[in-house]
Amino acid sequence: MTTPTTLPDPGGSESERPAGAADSAPPDLPTSAPPRWRVVTRAAGTVWVNRKARLGLVVLAFFALLALLAPVLAPYSPTAGGFERSAGPSSAHLFGTTAAGEDVLSQVIYGSRISLLVGVVAGVLSTLVAVVVGLSWGYVRGPVAEVVNFVVNLFLVIPGLPLMIVIAAYLQNSGLGMIIFVVVLTGWAWGARVLRSQTQSLRGRDFVTAAQFSGERSWRIVFREILPNMTSIIASSFFGAATAAILAESGLSFLGLGDTTQVSWGTMLFWAQNSNALLTGQWVLLLAPGLCIALLATSLSLVNFGVDGLSNPRLREGSGR
Amino acid sequence: MSLLEVQDLSVVYEPSDAAPTHAVRDVSLTLERGEFVGLVGESGSGKSTLGFALTRLSKPPARISSGRILFDGRDVAALEDEQLRAQRRGGFAMVLQSGMNALNPVRTVGNHFRDVFAAHGHVPRERRDARARELVEKVELSSTVLGRYPGELSGGMRQRVSIALALALEPQLMVFDEPTTALDVLVQHAVMRTIRELQASEGFTALLISHDLGVVLESTSRVMVMHQGVVVEDGASRDVLRDPQDDYTKMLLSHYADPRAEVVELPGLAARGGQLVTSASTAPSPGRRAHGSGSAPRVGRAASAAVVVDGVSKVYPPPRRGAATVTALDDVSMRLEPGQSMALVGASGSGKSTLAQLITGVVRPTSGTVSVGDVRVDALRGRGLRALRRDVQMVFQDPYAALNPLHTVEYTLTRPVVNYTGRSRREARARVLELLETVGLTPVEQFAAKLPHQLSGGQRQRVVIARALASDPQIIVADEPVSMLDVSLRAGVLALLEGLRAEHGVSMLYITHDLLSARVVTDQIMVLHDGRVVERGETSQVLRFPQDPYTIELLDAVPQPSRAGGAA
C-alpha cells in the first residue's frame, strides 16, 4: 500500500508482495548468531557465579545423570519382583525391598526419570502457554484483553490442587500424558500474568514505538522485539513451573490418581503408604523418594536464584559480597 | 587555611566482573571559604565521582585509591561513621540531580525538616517549626508546602525543598551535582537564580557540578573543567571565557552562541543568519528554495507531501477522578511545506510532543484534522498507518531507549528496508551499508555487526537517524534528538540532520526546548505555550525580534557564557 502521493521507485509496487511473504519465512539473520551465543555463555556464567545456583545446578545434574544412566546404575529392574518381601537394608538390597518384593534402590533410580520428564515437559508446555497468552495479552488493548483477563483470573482463583484432583479423577488413570495435561492446565496462569505486566511495561519503550515506525507487524514486535528482552523472566518462570509440575506429579501419584503401575517417586510413596511401611519399620521406603522429591524441587528453586541475577544486576553484585 | 583541600586524589571503580576504570586521576584542588566554583565535564569525565568522593558518599565498587581530602584541615577519609554523621551538619552537604526524588512520598515536607533537626539537635525544639518556615522561604517557596506531601509538588518545587533540606544542616560546603538538569528549561533558570542568590546571602562555599559550561560560567566566579578524570582548566570564569587555555575548553566554548545574534554559527553548521532574512523578504518560501536548488538529486521519491494541521485540539481525560481534563493542544493549525524545516519549541507540557504524536498518527486528535499530502492521518488505522510511516519517520529523544539492546545495528536497519522498500535480504544489506555510510558510521561493515551497548550515545543517535532514513521518508519528525547527548556531540548530529534534509529534500519538524539549535537547523519556528501557538514565523526573525513574552522568557533562559562572572 503506497500512498497516492508517492512516486514508487522502480519496481517498487511489484516487489512489495513477495517481500511481505519473505519476511515471515526466514526468522533469523545469519549475523545475529554469534552474539547470541555469547549472550548464552555469559548468562550461564552469571548463573554459575551465584553460590546457591551452583549448588542447585550440581544437584540437578546429579538427578539428570541418575535418570539418564538408570539402566546402568540400577542393580535390578524396578518392576522385577520375586525378592524377599519387605526386607530391611542389606548388601544385596541397599534400601531394602517393597511389600511386593521389588528393589527400592532401583525404584528410586528409575523414579527420577518420571519426575524429570514431567518436570521438563510440563514446565516447557506451561511456560509456552504462559508466554503466548501473557505476551499477546500484554500487547493488545481493548475488549480482547478484558476477556483474557477474566479467563486468567478464573484459573488463578480456583485452588490448584483440588482442581487437579477433580480433573485427574475425571480422566481416570490415563497415565503420564494426563498428568502433564492437568499440570499444564492448572499451572500456566500465574506465569501469564507475570509476563503480561512485564510486556505492558516494555510496550511503552521507545524501541517498541521505533519498531512500529519500522513497519513491523504486531506479532513480530511481540516475539522479536519484546520477547528476547524478557528471557530471564521466562527462564525463571520455567524453573518455577517445572518445580510445581514435579510436586504436582508426586502429589497426584501419591493419591493414586496417576498410573499406579508405573514406577515414580509418587507411586512409590503411594504403595509404601498402602503397605503401611512405617508400621513395619521400613522408613527408607518413605524417606528415599520423599527426600528425592524435595531435593529436586529445591535444586530448581536454587537455580532460580541465579536466574534472578540475570535480570537484576544489583542482585548479582550483592552475591559477590 | 582553605576550606577544602584535595591532594592528588584518584578514584577507581573496581567492579567484580570487569576491568577497573580510573574515573579520577591525580586531581588536586582547593576551595576557599565563600567561593562559588563550577566543575564542568561531559559524561564520563569523572566530575560526579569527584563530587561523591568529596562528601564521602562514594560507594563500592568506587574506591579512593590514592590522595587525601582535607576538609577544614581534617582528613575526610579517616572519619569514623559517627564522626562523619556529625560532620554532615555544619560540614558538607550535597544536592543531587535527582534530589526531587529523594523525598519520602508518604511523609510531609515538614516532617523531613523535623527529621533533620531531630537527628542533629542543633535547633531548639520550640524553634524548629519557625526555622523550617524560614528555610523554605529562603528557597522562594511559600511556607504552606511544609504541610504538603512531595507528590503534590512540582519537580522544581521538590528540588527547592531538597536544597532547603541541605541548608537546614547549615553546611560550610554545598556540593550541587547537576541540580537543575532534570528540570524544565524555565524552571532550571529560576532554580539556578535561587542558588546564586542563596550562595551570595548565606555565604557558604559552593561547588556546582554540571555538564553545561554555559550554566556554570553564568553562575560561578571560578571554573574547573574536567576531561577524562583530569582537571584540564582551572581559572576565574571571566578569564576562562575570554582566554581558555586548554583545547578541550575551547572546543566546549565553541558550542555556545546567542540565539538572538545576527549570525549564529556552530562548529560544522553553516550560518543561517542575516542572509536568510534578506532572502526571505525577496525570495519565495525557504521550502521552495531548498526544493528548487536540489543540486543533489534525490534517490527515491521527491518530497511532495505537505503536512497540514487544521484546528487541532487534543484533550486527555482527567488524571484523577474529580480533576479537570487536560488540554494538551488547543486549536492549533500549522503547515509544513515539502523540503522545509520547522522548529517546534516550548517548555515541557507545552504540547509540542503531542503535536508530533498527532502528525505521526500515534494518537488521534479530539477535534480538527491532520493530513500528510492527501492522506487524512487522523482517520488511519493499521495498514494505512504503516503506509503513512513509510513517508513520516521519527527520530527519538533518547538514543539509549530507542534501540533494542539485543539487536545488531544491521538487524535494526534491515527491518524498515525490508518492510518498506520490498528489497530482498541481500539487496537490503547493500542499502543498510549505504545508510551507515550516509550517517557517517564507517567502517560500515564493522558498525553493522555491533550491538547498541558497544556504541556511544552519538553513534546510537546516528543509527536511530539511519533507521528513520531507511524507508526514504518525506518527512522526519525529530523529537529533541540531541537533548540527551553531550554538547560536543550535538553539533555533529545536528549537522548530519541538516545535511540530510538539504540533500534529500526531506521536510523536518524539529521539536526542542533548545532555541540555539532551533536557530541553526530550521527556517521556520512555532512557539507553543500551554497547547497554544503564541508566536510563529521565520526562525531568525522570531528569535532576533521576539514579540511574545513567553518567547522572550525562553530566550532569557538560554545559558549565556558571555554573562560570566555576573554573580561575582
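Whatever comes next refers back to the structure up there.
Residues numbered from 1 in each chain as written. Chains lettered and ligands numbered in written order. Predicted model: local features only at pLDDT ≥ 70, side-chain atom pairs only at ≥ 80, totals over all residues. Heavy atoms only, no water.

1. With respect to the sheet that holds strand S10 (residues 230-236) of chain B
Residue and element names in this part refer to chain B. Read from one edge to the other, the open sheet built from 6 strands follows the order S6-S7-S8-S3-S9-S10, with strand pairing classed as mixed. Two strands in the sheet have a free side with no partner beyond their single neighbour: strand S6 (92-95) and S10. Each strand axis lies, on average, 15 degrees off the axis of its neighbour in the sheet, ignoring direction. Relative to strand S7 (residues 173-177), S6 runs parallel, the two sharing 4 bridges. Following the sheet pairing, Met94 is matched in S7 by Val175. Packed on one face of the sheet, helix H6 (residues 185-202) meets strand S3 (36-40), S7 and strand S8 (205-210) and runs near 140 degrees to S3. (Pairing = 2+ DSSP bridges. Helix = DSSP H or I, 4+ residues; strand = E, 2+ residues; numbered from the N terminus. Axes fitted to C-alpha atoms, helices over the stretch in contact; angles between N-to-C directions. Contact = heavy atoms within 4.5 Å.)

2. Observations regarding the sheet that holds strand S15 (residues 375-376) of chain B
Where strands meet in a sheet, backbone hydrogen bonds hold them as pairs that are either parallel or antiparallel. Residues and elements named next belong to chain B. The 4 strands lie next to each other as S12-S11-S14-S15, forming an open sheet whose pairing is antiparallel. Each edge of the open sheet is held by one strand with a lone partner, namely strand S12 (326-336) and S15. Strand direction decides the pairing type here: strand S14 (residues 367-372) and S15, joined by 2 bridges, are antiparallel. When the sheet's bridge partners are listed, Val372 is paired in S15 with Val375.

3. A look at the pairing of strand S4 (residues 62-71) of chain B
Residues and elements named next belong to chain B. Where strand S1 (residues 4-13) meets S4, 8 bridges bridge the pair, whose relative direction is antiparallel. Within the sheet, the bridge partner assigned to Glu5 lies in S4 and is Leu70. Sheet topology note: the S4/strand S5 (residues 74-75) ladder contains 2 bridges and is antiparallel. If you follow Phe71 over to S5, its bridge partner there is Arg74. Where S4 folds back onto S5 in an antiparallel hairpin, the turn is made up of 2 residues, including Asp72, whose phi is positive at roughly 55 degrees.

4. Quick look at the packing of helix H6 (residues 143-157) of chain A against helix H8 (residues 176-203) of chain A
Residue and element names in this part refer to chain A. Contact pair H6 / H8: the axes reach a minimum separation of 9 Å and the direction vectors enclose 120 degrees. Taken together, the axes of H6 and H8 are oblique relative to one another. Between H6 and H8 lies a crossing whose hand is left-handed. Contact residues: H6 offers Asn149, Val152, Asn153, Phe155 and Leu156, while H8 offers Leu185, Trp188, Ala189, Trp190 and Arg193. Across the contact of H6 with H8, the residue classes tally to 7 nonpolar, 2 polar and 1 charged. (Parallel < 35°, antiparallel > 145°, perpendicular 65-115°, else oblique. Left-handed = near helix turned anticlockwise from the far one by under 90°. Nonpolar A, V, L, I, M, F, W, Y, C, P; charged D, E, K, R; others polar.)

5. Some remarks on the packing of aromatic side chains
Residue and element names in this part refer to chain A. One pass over the structure, following the stated rule, counts 8 aromatic pairs over all chains. For the ring pair Phe63 and Trp265, a centre distance of 5.6 Å and an interplane angle of 70 degrees mean the geometry is edge-to-face. Of this pair, Phe63 sits in helix H3 (residues 51-68) while Trp265 sits in helix H12 (residues 265-274), and the two are 202 residues apart along the sequence. Trp265 carries the same exposure label as Phe63, and that label is buried. (Phe/Tyr/Trp six-rings, centres within 6.5 Å; stacked < 30°, edge-to-face > 60°. Buried < 20%, exposed > 50% of the residue type's maximum accessible area, 1.4 Å probe, protein only.)

6. Brief notes about the pattern of salt bridges
Residue and element names in this part refer to chain B. All chains considered together, the criterion is met by 27 salt bridges over all chains. Between Asp247 and Lys250 there is a salt bridge; the shortest N-O distance is 3.8 Å. One end of the pair is Asp247 and the other is Lys250, both in helix H9 (residues 247-253) and 3 residues apart, which spans about a single turn. On the accessibility criterion, Lys250 (41% relative accessible area) is partly exposed. Ionic contacts of the salt-bridge type, sharing partners, join the residues Arg127, Arg131, Glu134 and Glu170 into one network. (Salt bridge = Lys/Arg side-chain N within 4 Å of Asp/Glu carboxyl O.)

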